[in-house]
Amino acid sequence: MFIWIPLFPLVGVVVIGLFGGRFLSRRIIQGTAVGAVALSFLASVVSFARLLGAAEPSQVKTLGVWIPATVVRLLPGGAAPVSIDLAFRYDALAAVMTLVVTGVGLLIHIYSIGYMAHERSTARFFAYMNLFTFAMLILVLGANLAVAFIGWEGVGLCSYLLIGFWFSKDTAANAGKKAFITNRVGDFGFLLGTGLLLATLGTIDLAQVNALAAGGALSKGTATAAALLLFLGAVGKSAQIPLYTWLPDAMEGPTPVSALIHAATMVTAGVYMVARLNALYSFSGTALTVVGFIGALTAVYAATMALVQHDIKRVLAYSTISQIGYMFLGLGVGAFSAGIFHLMTHAFFKSLLFLAAGSVIHALEGEQDLRRMGGLRRRLPWTYRVFLIGALAIAGFPGLAGFFSKDEILAAAFGTGHYAVWALGLAGAGLTAFYMFRLIFRAFYGPETSGPGAERPVHESPPVMLRPLRVLAGLSIVGGYIGLPHVLGGRNWFGVFLEPSTGRHEIALAAPTEFLLMVLSAAVAVAGIAAAYIVYVRRDGAPARRLAERLSGLYRVISRKYYVDEVYNGVLVNGTLQTARAAAAFDRWVIDGLVDGAAALTRGLSSLSMLFDGRAIDGAVNGLATVQRTLSGALRRVQTGYVYNYALAVIFGILVLISLVVTIF
Amino acid sequence: MIPINAVLGLGLLLFCLGLFGVLFRKNLVIMLMSLELLLNGINVILIGLGRQAGTARGSIFALFVIVMAVSEAAVGFALVLAYFRQNKTYDIDRLRKLRG
């Protein structure tokens, strides 16, 4: 049954991709794309319902051998040759991922109908979106690393295509390239990790890798190496330190793309992958610690950059990086189900925030700069309401989705004794609340500033855009209750459901301690919101400006994004360019020189032989002719052409003959 | 009876006159006429010598020569006429296509 889930978007791609540009009307294209994802969502729901009733925790569907054993050649001394199947697995983790991808994807597809209504390349956009959905589903359903890698590369390709959707704009085309190339670095690690597992374990089936790793079939060092190589792929795809720089630039793409790919689904692929291979990471230990620290550092680091951004989408982009950092933090402290829980709630509220930001941008006809917004609360009441819900959810306001998932992660960090990680996470939570409400207060509160908002009438978005927003807002409110912790009287149903996939992770905390932590993180969130209110509403941003002046050096460093882009450009990009230039110079001077030299030599030789031809051969022939001419020139004088000359000659001839006859006879 | 030497002298005179005409005159028609003179000089000699010998052979041979001369004149004048139609002249000096 579950094999139907990725099939519908594939059909959508084929139909729209082959016929959309020429033969199908805009309405039919939109209907096909949304219908394909809707059917896929339906299939996900049915599969999920069946999984709940089934005794088996996972189902595997093998479509056949993909790479036969004769092709896979392993190192001498490694495991026996194996074949790689084109196989798919459906279990609790895959169920969550398919529901999130198709559910959120469906809402974003519907929203896109309104958002991309004025766009010309409807077919191209929806074909890419469906292709992305298909690739993402292959990624989460792949039973082994090779099949997952098809999806892994597929989503990267779609990300590139959709970031560069407006490819005639230089910044968009460059952002697409940056995203793709940065991801290549990670994918390289992913491939190496896959190869290492294949060579040492003889299998890359995800369940078998987990089982073998848990059973001690790997040495600690090999497990750590493989896990870290795979994590490099996750770092690239999920935009963590140090490969995060592409994600803010990726905001050049259309806003629904940012919501679907760069917030809800693709960028969380790394989190999914680490959670999927939880036994391998747990066995390594070191790798898990690295995951946790990278996540915690990214969570705070990206949050600081979100504080000073002026582009509404870039604030959300840094916020996404920071939130994915939380997910990795959760995985790193061993709370795999908590990481996936945050992945899900984040998909709800971050796509909500992106789509609401898209609604703002749509209403302001492309304006994205927070400094030119203000007072939109009255003009865009519904957008304001859903944006507020999303912001409260991400800030971790008690009772909303983000509160439960983030709190579970922080509690797990504290409970497992990772106090440094916990402190970083808590600081990041405060920053998150602050920057989100800075965004809200600057965009929706205050005076209506000059700019498009004040001059032209600003309209609320059409229902086709607002309805998905309301659904996502509802999910952002109630989404957390499926993982209600024990201390609040829940049973953490979500964690229990995921146990077959991610294992059991008890948080060894006394109930009062856990409750205290919860209150603490809620207090931090509220404090962040209050601070933003005081700074940006009461004092109209004056304290922020004063602080920026007093710490101008620090402010400049942060607002220039810690100069990381500059360093990367200077060292890596320029280094590559310089190497390429050197190689080009080598080509031009040495290789081309050799080729040109050979050509010049041939030319010289042939001109020599031409000279010989001209002088010697032609000379001999012409010389013969000249001799003939000269000799015959003397002889031709005899032929005067005068009849009487010939007659005279005849007569003389006769006389001679007669005299000869007479004298002889 | 005309002496044989007078006959041979007349023949030689006619022959030399014809030869001179063929070699030195520039007009094609005159050249052809000179050719007739030349042939008739020989005819005179043939007939004279035949009478001297007391046979008819010389006269018979002369008749052959006359027939040949007639046909030669017919062909020759036809050629001269064709030449004149092309070049509007009888001048032999213009007829130099054989010059090397």
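Engineer: Explain the overall build of chain A to me, and be specific about the residues and the numbers.
Structural biologist: Counting its secondary structure elements, chain A contains 27 helices and 2 strands. Summarising its shape, the C-alpha atoms of chain A cover approximately 165 × 70 × 55 Å along the three principal directions. Going through the 665 residues of chain A one by one, you find that 51% of them count as buried. Put simply, of all contacts in chain A between residues at least 6 apart along the chain, 82% involve residues at least 24 apart. Carbon and sulfur atoms make up 67% of the accessible area of chain A, which amounts to about 28900 Å² in all. Charged side chains of chain A number 48 positive and 31 negative; the gap between the two group centres comes to 5 Å.

Engineer: Could you give me a rundown of helix α6 (residues 170-201) of chain A, with the residues and numbers involved?
Structural biologist: Taking 1.5 Å per residue as the helical rise, α6 of chain A with its 32 residues ought to reach 46 Å, and the 46 Å between its terminal C-alpha atoms agrees with that figure. Immediately beyond the C-terminal end of α6 of chain A, within one or two residues, lies Gly 202 of chain A, with a positive phi of roughly 80°.

Engineer: Quick rundown of the interface of chain B and chain A? Include the residues and the values.
Structural biologist: Between chain B and chain A, the residue contacts involve 12 residues of the former and 11 residues of the latter. For the pair chain B and chain A, the summed buried area comes to about 1000 Å², and 66% of that belongs to carbon and sulfur atoms. There are 0 salt bridges connecting chain B and chain A. Our count for the chain B to chain A interface comes out at 1 residue pair in polar contact (both at pLDDT 80 or more). Here the side of chain B that touches chain A takes 3 residues from helix α1 (residues 4-24) of chain B, the largest share from any one element. The residue makeup of the side of chain B that touches chain A, split by class, is 7 nonpolar, 1 polar and 4 charged.

Engineer: Any details on the nonpolar core? Residues and values, ideally.
Structural biologist: Residue and element names in this part refer to chain A. If you look at the biggest cluster of nonpolar residues, it comprises 178 residues, and the most contacted ones within it are Leu 197, Tyr 281, Met 436 and Phe 437. For this core, the leading source of residues is helix α15 (residues 336-363), giving 17 residues. Grouped together as the second largest cluster of nonpolar side chains are 19 residues, Ala 335, Ala 413, Leu 426 and Leu 517 included.

Engineer: Describe the layout of surface pockets, listing the residues and the values that go with them.
Structural biologist: The calculated volume of the largest pocket comes to roughly 860 Å³. Every residue lining the largest pocket is counted, 30 residues in all, and those nearest its centre are Arg 438, Arg 442, Tyr 536, Ala 544 and Arg 545 of chain A. Of all the secondary structure elements, the ones that give two or more residues to the lining of the largest pocket are α13 (286-308), α19 (419-444), α23 (511-538), α24 (542-550) and α25 (552-559) of chain A. Broken down by element, the residue count for the lining of the largest pocket peaks at 5 residues, all from α24 of chain A. Across the lining of the largest pocket, the residue classes tally to 19 nonpolar, 6 polar and 5 charged. Considered as a void within the structure, the second largest pocket measures approximately 630 Å³ in volume. Along its surface, the second largest pocket is lined by 21 residues, and Ala 647 and Ile 651 of chain A together with Val 22, Leu 35 and Leu 38 of chain B are the ones closest to its centre. Looking at the lining of the second largest pocket, the elements with two or more residues in it are α27 (643-664) of chain A together with α1, α2 (28-53) and α3 (57-87) of chain B. Top contributing element to the lining of the second largest pocket by residue count: α27 of chain A, with 8 residues. Among the residues making up the lining of the second largest pocket, the classes are represented as 20 nonpolar, 1 polar and no charged.

Engineer: Would you mind going over the confidence of the model for chain B in detail, with residue names and values included?
Structural biologist: Overall, the prediction assigns chain B a mean pLDDT of 89, with 99% of residues at 70 or greater. With a pTM of 0.77, the predicted complex shows an ipTM of 0.80.

Engineer: I'd like a rundown of the pattern of salt bridges, residues and numbers included.
Structural biologist: All names here are of chain A. In the structure shown here, the tally under the stated rule is 12 salt bridges over all chains. Across the pair Lys 178 and Asp 249 runs a salt bridge, and its minimum N-O distance is 2.9 Å. Of this pair, Lys 178 sits in helix α6 while Asp 249 sits in helix α9 (residues 246-249), and the two are 71 residues apart along the sequence.

Engineer: Lay out helix α2 (residues 26-53) of chain A in plain terms, naming residues and giving numbers.
Structural biologist: An α-helix turns once every 3.6 residues. As a result, residues three or four positions apart point the same way. Residues and elements named next belong to chain A. Its 28 residues give α2 an end-to-end C-alpha distance of 41 Å, which sits within 8% of 40 Å, the value for a rise of 1.5 Å per residue. When we look at burial in α2, the residues that qualify are Ile 29, Gln 30, Ala 33, Val 34, Ala 36, Val 37, Ser 40, Ala 43, Ser 44, Ser 47, Phe 48 and Leu 51. Against the buried residues of α2 lie α1 (7-20), β1 (59-67), β2 (84-90), α3 (92-115), α4 (122-141) and α22 (493-502).

Engineer: I'd like a description of the side chain of Arg 276 of chain A, backed by residues and values.
Structural biologist: By the secondary structure assignment, Arg 276 of chain A is in helix α11 (residues 269-276). Among residues more than four places away in sequence, those in contact with Arg 276 of chain A are Asp 91, Leu 93, Ala 94, Val 140, Leu 206, Asn 210 and Ser 501 of chain A.

Engineer: Describe the environment of Val 267 of chain A, with residues and values.
Structural biologist: All names here are of chain A. Tracing the chain through its elements places Val 267 in the loop between α10 (255-264) and α11. Remark: the alpha-carbon pair of Val 267 and Ser 461, spanning 194 residues in sequence, is separated by 27 Å. Contact partners of Val 267, with chain neighbours within four places excluded, come to Lys 237, Ser 238, Trp 246, Leu 247, Ile 261, His 262, Thr 320 and Ile 324.

Engineer: Which residues make up the pairing of β2 of chain A, and what values go with them?
Structural biologist: Residues and elements named next belong to chain A. When you tally the buried positions in β2, you get 5 out of 7 residues, the bulk of the element. Sheet topology places β1 next to β2; 6 bridges connect them, and they run antiparallel. Opposite Ile 67, over in β2, you have Ile 84 as the bridge partner.

Cut-off values and rules
Residues numbered from 1 in each chain as written. Chains lettered and ligands numbered in written order. Predicted model: local features only at pLDDT ≥ 70, side-chain atom pairs only at ≥ 80, totals over all residues. Heavy atoms only, no water. Helix = DSSP H or I, 4+ residues; strand = E, 2+ residues; numbered from the N terminus. Buried < 20%, exposed > 50% of the residue type's maximum accessible area, 1.4 Å probe, protein only. Contact = heavy atoms within 4.5 Å. Areas by Shrake-Rupley, 256 points an atom, 1.4 Å probe, with all protein chains shown as cover. Lys, Arg positive; Asp, Glu negative; His and termini not counted. Charge placed at Lys NZ, Arg CZ, Asp CG, Glu CD. Expected span 1.5 Å × (residues − 1). Buried area = accessible area lost by both parts, 1.4 Å probe. Salt bridge = Lys/Arg side-chain N within 4 Å of Asp/Glu carboxyl O. Polar contact = N/O pair within 3.5 Å; in protein donor to acceptor, adjacent residues only side chain to side chain. Nonpolar A, V, L, I, M, F, W, Y, C, P; charged D, E, K, R; others polar. Core = buried A, V, L, I, M, F, W, Y, C linked by side-chain atoms within 4.5 Å. 1 Å grid on protein atoms, 1.4 Å probe; cavity = no way out; pocket = protein on both sides within 12 Å on 5 of 7 lines; lining within 4 Å. Points joined across faces, edges and corners; volume = space filled by probe spheres on them. pLDDT = per-residue confidence, 0-100. Pairing = 2+ DSSP bridges.

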